[in-house]
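So you can see what is in the structure, the chains are spelled out below.
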Amino acid sequence: MAQPLFKNDSSLITGEETNREDVLEGGTGCPEEIPLLCTVGDAKMDAINTGKKKIPRDPKSCDIPFYVSEFVEREVGNDCDSLNKLGKLIEQLSENKMKLEEQVLTVSSEVPKRIQKALKNAEDSKMSLSQLLENESILYDSINNHLLTSEPWMEDLGVLIGQIKEVERHLAYLKWISQIEELSDNIQQYLMTNNVPEAATTLASMAELDIKLQESSCTHLLTFVRSTVQFWHKILKDKLSSDFEEILTHLHWPFVGPAQSQPFDLATSPASAPEVYNNLEALFFQLLKLQTSDELLTKPKQLPEKYVLPPSPCIILPIQIMLAPLQKRFKYHFTGNRQTNVLSKPEWYLTQVLMWIGNHAKFLEDRIQPVLDKAGSPVNARLEFSRALVMLILEKLAADIPCLLYDDNLFCHLVDEVLLFERELHAVHGYLSSFPSCMHILSEETCFQRWLTVERKFALQKMDAMLSSEAAWISQYKDITDVDEMKVPDCAETFMTLLLVITDRYKNLPTAARKLQFLELQKDLVDDFRIRLTQVMKEETRAPLAFRYCAILNAVNYIATVLADWADNVFFLQLQQAELEACVNSSALSELQLGHLASMESSVFDDMINLLERLKHDMLTRQVEHVFREVKDAAKMYRKERWLSLPAQSEQAVMSLSSTACPLLLTLRDRLLQLEQQLCYSLFKTFWQILAEKVDLFIYQEIILANHFNEGGAAQLQFDMTRNLFPLFSHYCKRPENYFKHIKEACIILNLNVGSALLLKDVLQSATDNRTVTIFNSNQPTAMAALNELGIYKLAQQDVEILLNLRTNWPNAHFSVK
């Protein structure tokens, strides 16, 4: 039965293969049939062939296509019982085939209709496009004909339009002239009726018209406006100025002395005071109205561009009038051949200006500032007055500095006086840093470089003087314990004061670039002073514990500490940021260095601090080595002590210090006391800690490990260390034994009672065996735990074994010394 069924199935499959080939060749066969066949039998195949291994067939060596044989294999397989499903399977496939054929027929009938409709739409579009092109051609011809017909008209209209525009320009020109003449007539009428306030208001309007016409190309109109403004401005300014000066004369302006800070005549006749102040206010208002026209007509006096002054507005007109008598006094006394005009006495004119500012401050605040506030002006009367007087100083400095630039004493004196003037001007009189100041004059390239040179020269001279002084290495506060913690020698304190003074002198410079140049000068001075200290130190290296050597070490430590404190100062942090920006712009540093600088982990003084710290470390190390050599020399007899034959503690009435240890301990005591008095606290702390570490290793290696100890010897060693050596350092810390861990733990091992020593020896031996034997007894205590229980944390297991072997007080020969 199986054979015919397979034949029928093969013929069915062959028919299916034909359909597939038709599909591939473009026939009417349905390509969806293949996956559909696979889908129908998926579930059945999963149930039948679970756990079976599929063996693919090669379609080239078989008449049946591969995918058909796979389908039959999956649906029927080798199980004959599955053949009863063939009927149902054939029905399903036939039904699917019919559905697919119907879908193909439906699609085949719909496609031609859609194509026909699309062709019809294309034809309609073509016809519409042709009609549009035809209409466009007709319209184009019509437009060209119209343009040809209207061309003569356009030429005539263009001429007429040009004439109209020309007339409009003439009319506008005449309107401007008429408006200016109208304003001019109004001013004339107001002046004829003595209505000066309205005349001033009208002039202000005319000045605004002048400003609006600045971009016009009508040069004659501009000239007419400007000449008209100038004409009336001169008349009004002369009239108002004379009236204003008359009022100021009644007030005894200017106040040339402190006693004249209050008007004399108003103090004697208070009834007339309101009228005078009302007139003062009215005239001040009217003069303010002339400010716009005054700025148009008057060009303020400017210093050369090399001084790079910040931009600032003109001084308001009423303040200019009030300043006129003071300016005359200043020029009279401080220019020309007057005896008061002396290059060596810049303090005369600087002090005079400060006095004028102070004498007039109250009047300006009480009488002038309210008028400005009422007029809605943002000007501060006192600062405006100060700014005008400072401009006199700047002009004077610009004229005098070239005359004394190469005289160091005169130039240095001038800089000192200018800095004092600037400090008082800002601190006392509230002068703003955004205004032009004397620092802008000192920042001019030639003057600034000379300032740097002179500053360096005098700083080096002061350094020579302070180092050659008899009191150079003596602290000014040696007798005051609370103040003298740093034990700073006079030369170091004077040097840091010098650096601080230099900082105060340049911190108000207007640009960061100038400040950075002064910072470099400070760094150079620090490095120069370090080199000088190193030279003096080398002369003292033969006596590293002497007073001068310690004073040099204190000086180095003090300078490094102060520079580290300055690194966190806001001023130097700002300079660090400025230096970073300068380096970024110039690409002077690598990306790593820029990142380190930008992270604020470093400071502007890092290079100097590192050099000073290195010098401090070298000097401190030399002191430690010197004391340590003395300690070793003093310990020669102690190293030869007969630790094997010393009596036991029970045989002595009282334990006493070994006589051979006395030189060692006396040397330590004397040097510690000496350096405690000569070094500052932080340096001495570092010194004794390093020394303690070296002494600890020396006694452990050269005395303990180099000898054998009986019970008496071990007890004597422990007594010498715990009751004599350790207490020497108890003045400097609470637990000195923590700095002698080798000695302390070695004494513990050497002084264990015999039973504990035997037990510890067994534990250590077991731990050693466990490292070589694979079987480990978990109940056996570890060596580390046993050592920690005894208080041994520093020494390693091997060190403890060596110390145990140095003991001689074992009970029998089995535990004798190896």
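Since the model is a prediction, treat every value here as computed from it, not as a measurement. (Residues numbered from 1 in each chain as written. Predicted model: local features only at pLDDT ≥ 70, side-chain atom pairs only at ≥ 80, totals over all residues. Heavy atoms only, no water.)

### Some words on the overall build of the protein chain
Basically, it comes down to this: Helix and strand assignments follow DSSP, with helices taken as H or I runs no shorter than four residues and strands as E runs no shorter than two, numbered in order from the N terminus. Accessibility here uses a 1.4 Å probe with only protein chains present; expressed as a share of the type maximum, an area under 20% marks a residue as buried, one over 50% as exposed, and anything in between as partly exposed. The contact criterion used is simple: two residues touch if any of their non-hydrogen atoms lie within 4.5 Å. Methods summary: accessible areas were calculated by the Shrake-Rupley approach with a probe of 1.4 Å, and residue burial reflects only the protein chains presented.
On a plain count of helices and strands, the protein chain comes out with 30 helices and zero strands. A buried classification covers 40% of the 818 residues belonging to the protein chain. A separation of at least 24 residues holds for 75% of the contacts in the protein chain among residues at least 6 apart in sequence. Approximately 46,500 Å² of the protein chain is accessible, and the part contributed by carbon and sulfur atoms is 55%.

### A closer look at the packing of helix 7 (residues 219-250) against helix 11 (residues 317-334)
Convention followed: To get an axis, fit a line to the C-alpha atoms, keeping to the stretch in contact for a helix; angles then go from 0 to 180 degrees between the N-to-C directions. Throughout this description, any angle smaller than 35 degrees is read as roughly parallel, any larger than 145 degrees as roughly antiparallel, any in the 65 to 115 degree range as roughly perpendicular, and the remainder as oblique. Handedness of a crossing follows from how the near helix is turned relative to the far one, being left-handed for an anticlockwise turn of less than a right angle and right-handed for a clockwise one.
Where helix 7 meets helix 11, the closest approach of the two axes is 10 Å, and the angle between their N-to-C directions is 55 degrees. Looking at the two axes, helix 7 sits oblique to helix 11. Helix-helix and strand crossings are classified by hand; for helix 7 and helix 11 the assignment is right-handed. Contacts from Lys237, Ser241, Phe244, Glu245 and Leu248 in helix 7 reach Leu317, Pro318, Ile321 and Met322 in helix 11.

### Quick word on the environment of arginine 530
Here arginine 530 shows up in helix 18 (residues 512-539). A relative accessible area of 18% places arginine 530 in the buried class. Separated by 78 residues in sequence, arginine 530 and methionine 608 have C-alpha atoms that sit 8.9 Å apart.

### Digging into the packing of aromatic side chains
Counted only if it meets this: Aromatic rings from Phe, Tyr and Trp, with only the six-membered ring used for Trp, were paired whenever their centres fell within 6.5 Å, and each pair was classed as stacked if the ring planes differed by under 30 degrees, edge-to-face if by over 60, and tilted otherwise. Two thresholds decide whether a charge sits over a ring: the Lys NZ or Arg CZ must be within 6 Å of the ring centre and within 35 degrees of the ring normal.
Using the criterion set out here, one finds 30 aromatic pairs in the structure. Taking 5.3 Å as the distance between ring centres and 90 degrees as the angle between the ring planes, the aromatic pair formed by tyrosine 638 and tryptophan 643 counts as edge-to-face. Each member of the pair, tyrosine 638 as well as tryptophan 643, is classed as buried. With 4.9 Å between their ring centres and 70 degrees between their planes, tryptophan 688 and tyrosine 739 make a pair best called edge-to-face. Within this pair, whereas tryptophan 688 is found in helix 25 (residues 681-704), its partner tyrosine 739 is found in the loop between helix 26 (711-728) and helix 27 (741-750), the two being separated by 51 residues in sequence. Since its relative accessible area comes to 3%, tryptophan 688 is described here as buried. Taken together through their ring pairs, the aromatic side chains of Phe448, Trp451, Tyr506, Phe518, Trp566, Phe571, Phe572 and Phe605 make up a single cluster. Arginine 387 extends its terminal NZ or CZ atom over the ring of phenylalanine 435, reaching a point 5.7 Å from the ring centre. Above the ring of phenylalanine 628, the side-chain terminus of lysine 694 is found at 5.0 Å from the ring centroid.

### Considering the packing of helix 24 (residues 662-678) against helix 26
Put simply, the test is: In this classification, the charged set is Asp, Glu, Lys and Arg, the nonpolar set is Ala, Val, Leu, Ile, Met, Phe, Trp, Tyr, Cys and Pro, and all remaining amino acids, among them Gly, are polar.
Following both chains from N to C, one finds helix 24 and helix 26 inclined at 20 degrees, their axes separated by 9 Å at the closest point. When the interaxial angle is binned, helix 24 and helix 26 end up roughly parallel. The handedness of the crossing between helix 24 and helix 26 is left-handed. Judged by residue contacts, Leu665, Leu668, Arg669 and Leu672 of helix 24 engage Asn724, Leu725 and Leu728 from helix 26. The residue inventory of the contact of helix 24 with helix 26, partitioned by class, reads five nonpolar, one polar and one charged.

### Here we look at the confidence of the model for the protein chain
We count it as follows: Predictor confidence is given residue by residue as pLDDT, running from a minimum of 0 to a maximum of 100.
When pLDDT is averaged across the protein chain, the result is 85; 85% of the residues are at 70 or more. Low pLDDT, under 50, characterises residues 813-818; the stretch is placed with nine contacts to residues that sit more than four places away or in other chains.

### Points about helix 7
Selection rule: Each residue after the first adds 1.5 Å to the expected span of a helix.
Here helix 7 is 32 residues long and its end C-alpha atoms lie 46 Å apart, about the 46 Å a rise of 1.5 Å per residue gives. When we look at burial in helix 7, the residues that qualify are Leu221, Val225, Thr228, Val229, Trp232, His233, Leu236, Leu240, Ser241, Phe244, Ile247 and Leu248. Count one or two residues on from helix 7 and you reach histidine 252, which has phi positive near 60 degrees.

### Regarding the pattern of salt bridges
Note the cut-off: A side-chain nitrogen of Lys or Arg and a carboxyl oxygen of Asp or Glu constitute a salt bridge if their distance falls within 4 Å.
Evaluated as defined, the whole model comprises 30 salt bridges. Measuring nitrogen to oxygen at the nearest pair gives 3.7 Å for the salt bridge that ties lysine 99 to glutamate 95. Of this pair, lysine 99 and glutamate 95 both sit in helix 5 (residues 86-192), four residues apart, roughly one helical turn. Accessibility expressed as a relative area gives 43% for lysine 99, which makes it partly exposed. One salt bridge connects glutamate 455 with arginine 505, and the closest N-O pair in it is separated by 2.9 Å. Here arginine 505 lies in helix 17 (residues 490-506) and glutamate 455 lies in helix 16 (residues 445-468), a separation of 50 residues in the sequence. According to the relative accessible area criterion, glutamate 455 is buried, its value standing at 10%. A relative accessible area of 13% places arginine 505 in the buried class.

### Examining unusual backbone geometry
Residues other than glycine predominantly adopt negative phi, and peptide bonds predominantly adopt the trans conformation. The amide bond that connects tryptophan 253 to the next residue, proline 254, takes the cis arrangement and shows omega of 0 degrees. Even without a glycine there, the phi angle at histidine 252 is positive, about 60 degrees. Among the secondary structure elements, histidine 252 is positioned in the loop between helix 7 and helix 8 (264-268).

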